[in-house]
Amino acid sequence: MDLQNLPAFTSVWIAGALCLTMLEHLGFVSEHQLFFSTYYVFRKHQYWRIVTSFMYFGKIGLIFAIRILELIRFASDLEAHTFGPTRRAQYAWFLLCSSLSLLLVGSLLSIRFMSYPLSWILTYIWSRKSRHMHVTFLGVLTITAPYYPFIELLFTLVQSNVEFKDIMVGLLLGHLYYFLEELWPREMPSHGYHWIGTPQRWVELFEAPVAQ
């Protein structure tokens with residue numbers, strides 16, 4: 001995808017990630033100032049940590065590069081095409097619910113950075129909604145989309161010090177969302193109920209106006 005045409009949410013996320021990583025690399029900030037901690041947020045009132053924990057992907061390196069490239073590839077495709085301009089409200093609500101769930105679970109499991117789990121949620125959702133597509137992993141292995149998160153899981157665990165629980169939380173929350181929004185309504189059509197419905201106010205705020 002053309003970098004100049006990245007959708008709004010993905011553009012902000014990537015720009016924030018690149019800026020924080022460069023600031024840390026140049027010594028203007030440290031990881032200690034960026035991670036999420038209920039103590040620092042609620043006792044020390046360092047509320048910026050809620051945002052920076054979702055945008056910092058670690059030091060410059062191979063894993064950082066892979067995650068940024070995958071945001072450009074998968075998160076942008078999920079936002080621009082799977083949800084699309086007519087479902088911006090649903091995508092924004094999905095991101096908010098995912099982020100709040102991560103903050104809750106992350107607090108219980110002492111996860112310091114929410115960026116990796118959130119990116120894994122998006123990758124998982126993309127892989128499930130694009131299950132008939134074929135993707136190439138590192139230009140070597142071609143697989144169908146649903147297998148991609150698990151191939152990358154093995155590679156990431158071997159190559160980096162990202163904690164296993166961070167990745168698994170992302171995958172499990174991603175599957176929970178997919179189950180509640182896709183599998184449950186499909187298997188139980190008589191119920192006609194979506195567990196994670198988008199509030200009407202969000203629809204009015206985010207949806208593109210219909211052309212007259």
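What you see is a predicted model, and the numbers here were worked out from it, not measured in a lab. (Residues numbered from 1 in each chain as written. Predicted model: local features only at pLDDT ≥ 70, side-chain atom pairs only at ≥ 80, totals over all residues. Heavy atoms only, no water.)

## Concerning a nonpolar patch on the surface
- Taken together, the side chains of Met22, Leu23, Leu26, Phe28 and Ile60 define a hydrophobic patch exposed on the protein surface, amounting to about 510 Å² of accessible area.
- Mapped onto the elements of the fold, Phe28 is located in the loop between helix H1 (8-25) and helix H2 (38-43). (Patch = residues over 30% accessible without salt bridge, like charges linked within 9 Å, V, L, I, M, F, W, Y side chains within 5 Å. Areas by Shrake-Rupley, 256 points an atom, 1.4 Å probe, with all protein chains shown as cover. Salt bridge = Lys/Arg side-chain N within 4 Å of Asp/Glu carboxyl O. Helix = DSSP H or I, 4+ residues; strand = E, 2+ residues; numbered from the N terminus.)

## Section: the pattern of salt bridges
- Counting across every chain of the model gives 3 salt bridges.
- Lys59 is paired through a salt bridge with Glu24; the nearest N and O atoms lie 2.6 Å apart. Highlighted residues: Lys59 in the loop between helix H3 (48-55) and helix H4 (62-83) and Glu24 in helix H1, separated in sequence by 35 residues.
- Across the salt bridge formed by Glu152 and Arg67, the nearest N and O atoms sit 2.1 Å from each other. Linking Glu152 in helix H7 (residues 148-159) with Arg67 in helix H4, this pair joins segments that are 85 residues apart in sequence.
- Given a relative accessible area of 0%, Glu152 falls into the buried group.
- Linked through salt bridges whose partners overlap, the residues forming this network are Arg67, Glu70 and Glu152. (Buried < 20%, exposed > 50% of the residue type's maximum accessible area, 1.4 Å probe, protein only.)

## With respect to the confidence of the model for the protein chain
- Mean pLDDT over the protein chain works out to 83, with 84% of the residues at or above the 70 mark.
- The least confident element of the protein chain is helix H9 (residues 200-206), whose mean pLDDT is 68; the most confident is H3, at 94. (pLDDT = per-residue confidence, 0-100.)

## Some remarks on empty space enclosed by the protein
- This structure, assessed with the given rule, holds 1 cavity of 30 Å³ or more.
- Considered as a void within the structure, the largest cavity measures approximately 30 Å³ in volume.
- Arg67, Glu70, Leu71, Phe74, Ala75, Ser119, Leu122 and Thr123 are the residues that line the largest cavity.
- Residue assignment for the lining of the largest cavity shows that the elements contributing at least two residues are H4 and helix H6 (115-129).
- Per element, the largest residue contribution to the lining of the largest cavity is 5 residues, and it comes from H4.
- Here the residues of the lining of the largest cavity sort into 4 nonpolar, 2 polar and 2 charged. (1 Å grid on protein atoms, 1.4 Å probe; cavity = no way out; pocket = protein on both sides within 12 Å on 5 of 7 lines; lining within 4 Å. Points joined across faces, edges and corners; volume = space filled by probe spheres on them. Nonpolar A, V, L, I, M, F, W, Y, C, P; charged D, E, K, R; others polar.)

## Some details on the packing of H1 against H4
- Contact geometry for H1 and H4: axes closest at 9 Å, N-to-C directions at 165 degrees. Judged by the inter-axis angle, H1 sits roughly antiparallel to H4. The element H1 and its partner H4 pack so that their crossing is right-handed. Across the interface between the two elements, Ala8, Phe9, Thr10, Trp13, Ile14, Ala17, Leu18 and Thr21 of H1 pack against Phe64, Ile68, Leu71, Ile72, Ala75, Ser76 and Glu79 of H4.
- Per-class residue counts for the contact of H1 with H4 are 11 nonpolar, 3 polar and 1 charged. (Axes fitted to C-alpha atoms, helices over the stretch in contact; angles between N-to-C directions. Parallel < 35°, antiparallel > 145°, perpendicular 65-115°, else oblique. Left-handed = near helix turned anticlockwise from the far one by under 90°. Contact = heavy atoms within 4.5 Å.)

## Re the UniProt feature "transmembrane region" (unreviewed entry) in the protein chain
- Feature annotation in UniProt assigns "transmembrane region" (unreviewed entry) to the following positions: residues 6-26, 47-69, 89-111 and 132-150.
- Across residues 47-69, the secondary structure splits into 70% helix and 0% strand, with the terminal C-alpha atoms separated by 28 Å. (UniProt positions renumbered as here; feature names shortened; annotations may be inferred.)

## What to know about the packing of H4 against H6
- At a minimum axis distance of 9 Å, the contact between H4 and H6 shows a crossing angle of 50 degrees. Our classification of the angle between H4 and H6 gives oblique. Of the two elements, H4 crosses H6, and the hand of that crossing is left-handed. For the pair formed by H4 and H6, the contact residues are Ile63, Phe64, Arg67, Glu70, Leu71, Phe74, Ala75, Asp77, Leu78 and Thr82 on the first element and Tyr116, Ser119, Trp120, Leu122, Thr123, Ile125, Trp126 and Lys129 on the second.
- In terms of residue class, the contact of H4 with H6 is built from 11 nonpolar, 3 polar and 4 charged.

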